[in-house]
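What follows is each chain in one-letter form.
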Amino acid sequence: MAVDIPRINYSGSIRSISLGDRQQVMVGGEQRYSFYGFEGSSPNPPRIAMEVYDEAPLDWPEAAQAPFAGEMNDPVAWARKCVEVYGAEMICLQLQSTDPNGTNRDADAAARVVSQVAHSIDVPLIVWGTANHEKDTEVLRAVAEAVQDRRLVLGPVEKGDYKKIAAAAMAYKHTVIASSPIDINLAKQLNILMANLGVNPNEMIMDPTVSSIGYGIEYAYSVMERIRMAALTQQDEKLQFPLICNIARETWKSKEAKIAESEDPRLGDAEKTRALPWKP
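Cut-offs applied
The numbers attached to residues start from 1 for each chain and follow its sequence in the written order. Predicted model: local features are reported for residues with pLDDT of at least 70 only, side-chain atom pairs are reported and counted for 80 or more only, and whole-chain, interface and lining totals are derived from all residues. Think of the side-chain values as coming from all heavy atoms in the structure, minus any hydrogens and water. Secondary structure elements follow DSSP: runs of H or I no shorter than four residues count as helices, runs of E no shorter than two count as strands, and numbering proceeds from the N terminus. With C-alpha atoms as the basis for the radius of gyration, the globule rule is written as 2.2 Å multiplied by the number of residues raised to the power 0.38. Exposure is judged per residue with a 1.4 Å probe applied to protein chains only, and the accessible area is read against the type maximum: over 50% gives exposed, under 20% gives buried, and values in between give partly exposed. Note on areas: these come from Shrake-Rupley sampling with a 1.4 Å probe, and a residue is covered only by the protein chains present in the view. Positive charge is attributed to Lys and Arg, negative charge to Asp and Glu, and no charge count is given to His or to the chain ends. Charged groups are reduced to one reference atom each: NZ for lysine, CZ for arginine, CG for aspartic acid, CD for glutamic acid. Any helix carries an expected span of 1.5 Å times its number of residues minus one. It is the directions from the helix axis to the C-beta atoms whose arc is reported. Pairs of N or O atoms within 3.5 Å make up the polar contacts considered here, provided that, within protein, one atom can donate a hydrogen while the other can accept it, and that residues adjacent in sequence are counted only when both atoms are side-chain atoms. Any carboxyl oxygen of Asp or Glu that lies within 4 Å of a side-chain nitrogen of Lys or Arg is treated as forming a salt bridge with it. It only takes one pair of heavy atoms within 4.5 Å for two residues to be counted as in contact. Side-chain atoms within 4.5 Å link the members of a nonpolar core, which is a set of buried Ala, Val, Leu, Ile, Met, Phe, Trp, Tyr and Cys residues. Here, patches come from residues exposed beyond 30% relative accessible area and free of salt bridges, joined within 9 Å for like charges and within 5 Å for nonpolar side chains (Val, Leu, Ile, Met, Phe, Trp, Tyr). Paired strands, in this sense, are two strands between which DSSP finds at least two bridges. Here is how to tell: hold the view so the strands point away, follow the path from the first strand over the helix to the second, and if it runs clockwise the crossover is right-handed.

Visitor: If you had to explain the overall build of the protein chain to someone new, which residues and values would you point to?
Guide: Scanning the protein chain from terminus to terminus reveals 9 helices and 8 strands. The globule rule puts the C-alpha radius of gyration for 280 residues at 19 Å, and the 19 Å found for the protein chain is close to it. In terms of principal-axis extent, the alpha carbons of the protein chain reach across some 60 × 50 × 35 Å. With 280 residues in all, the protein chain has 48% of them scored as buried. In the form shown here, the protein chain has an accessible surface area of approximately 14200 Å², with 50% of it arising from carbon and sulfur atoms. The average position of the 29 basic charges and that of the 38 acidic charges among the side chains of the protein chain differ by 4 Å.

Visitor: Outline helix α6 (residues 184–197), supporting the account with residue identities and numerical values.
Guide: Think of an α-helix as turning once every 3.6 residues; residues three or four places apart then point the same way. Along its 14 residues, α6 runs 20 Å from first to last C-alpha, staying within 8% of the 20 Å computed at 1.5 Å per residue. All of the buried residues along α6 are I184, A187, L190, N191 and M194. Each buried residue of α6 sits inside an arc of 130° when the element is viewed along its axis, so together they form one side. When the buried face of α6 is taken as reference, the exposed residues oriented beyond 90 degrees from it are N185 and N196. The N-cap of α6, judged by a side-chain oxygen 2.8 Å from the amide nitrogen of N185 a few residues on, is D183.

Visitor: Explain the pattern of salt bridges to me, and be specific about the residues and the numbers.
Guide: Side-chain pairs of opposite charge can arise whenever the charged atoms involved come near each other. Counting across every chain of the model gives 7 salt bridges. When the shortest N-O distance is used, the salt bridge between R22 and D122 registers 3.1 Å. Here R22, found in the loop between β1 (16–19) and β2 (25–28), pairs with D122, found in the loop between α3 (107–118) and β5 (125–128); they are 100 residues apart in sequence, far enough to count as distant. With a closest N to O distance of 3.4 Å, R47 and E89 form a salt bridge. Placement of R47 in the loop between β2 and β3 (50–53) and of E89 in the loop between α2 (75–84) and β4 (91–94) is noted, with a sequence separation of 42 residues between them.

Visitor: Describe helix α5 (residues 162–171), and please don't skip the residues or the numbers.
Guide: Along α5, the residues that are buried comprise Y162, I165, A166, A168 and A169. Looking straight down α5, one finds its buried side chains confined to an arc of 155°; they lie on one side. Facing away from the buried surface of α5 by more than 90 degrees, the exposed residues are K163, K164 and A171. Of the residues trailing α5, K173 is marked for its positive phi of about 65°.

Visitor: Which residues make up the side chain of R249, and what values go with them?
Guide: Mapped onto the elements, R249 comes out in helix α8 (residues 247–251). Within the buried set, R249 has no salt-bridge partner at all; the shortest N-O distance to an opposite charge, 5.8 Å, is to D99. Here Q94 takes part through its side chain, which lies 2.6 Å from a polar atom of the side chain of R249. Setting aside residues no more than four positions away along its own chain, R249 makes contact with E51, Y53, Q94, Q96, W128, G129 and T130.

Visitor: Which residues make up the nonpolar core, and what are the values?
Guide: Core analysis: the biggest nonpolar cluster contains 63 residues, and I91, V114, L125, V127, L152 and M194 have the highest contact counts within it. No other element matches the 7 residues that α3 contributes to this core. Once you skip the residues sitting within four places of it in the chain, L152 turns out to touch V114, A118, L125, V127, V143, V147, H174 and T175. Of all hydrophobic cores here, the second largest spans 12 residues; its members include L19, M90, I126 and I205.

Visitor: Could you give me a rundown of a nonpolar patch on the surface, with the residues and numbers involved?
Guide: Where nonpolar side chains cluster on the molecular surface, the patch consists of V3, I5, F35, Y36, F38 and Y221 and spans about 650 Å² of accessible area. With respect to the element layout, F38 can be found in the loop between β2 and β3.

Visitor: Requested: an account of the pairing of strand β8 (residues 204–207), with residues and values cited.
Guide: Neither face of β8 is open: one carries M204 and M206, the other I205 and D207, and all of them are buried. Pairing of strand β7 (residues 175–179) with β8, which is carried by 4 bridges, proceeds in the parallel orientation. Across the sheet, residue S179 finds its bridge partner in β8, namely D207. Read as a crossover between parallel neighbours, the route from β7 over α6 to β8 is right-handed.

Structure follows, in structure tokens:
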């Protein structure tokens, strides 16, 4: 007896957004929920960006540092290795050194690093600040101007700094990451503010943030599900954008990522289970 699987024809769809310029990557375009391949199309698969830091991270476990041991003090070499050796389809450059509570590198120095990395690779480059409104405004505006010949993805752009950062991104044709704190209403509100400012909807993606993932993946993921429900079943145009998640930065904060197999055999070999570089 054949099983008749019920199907829903969704009235909404997610925008297809092109990231980068030399080698473009398409994201979005879904006309169904994740994993519901029997109900609709999803022309663009999830994309993975490999991380590069503008200064060597001090809190990474040894197993995570090992594949980049000779490059971690040189973001250009690090980015090139990710692309040429590990086949990265995108790079996410974390501007950790600009954190006012850390090295506090100035905007001009950060812009020079971003420019060097951007011109050393052809894949799309995501540039991620520190979520400090004042510093990100200064840094990301400088980056947008300094690398105006490449199409970057700039973020996080939040309610507290969106006017100046998004304006600079628009002026130099970069894509913006609209970042809101794990709440569907706040996400929609920021997207409306972006639209009112004049941000091209084809040059914006959403970051619902995943900071709670260390406490409960259900909470972070359920917000993403609600965003998708509103976009697909309620035709909410203000939420019909691809999602980006800055997961790895949160992952390395967890104690489990740093525990050696000798301390807890249940976690297994860290090199194999938690830090092996991704390959296509």
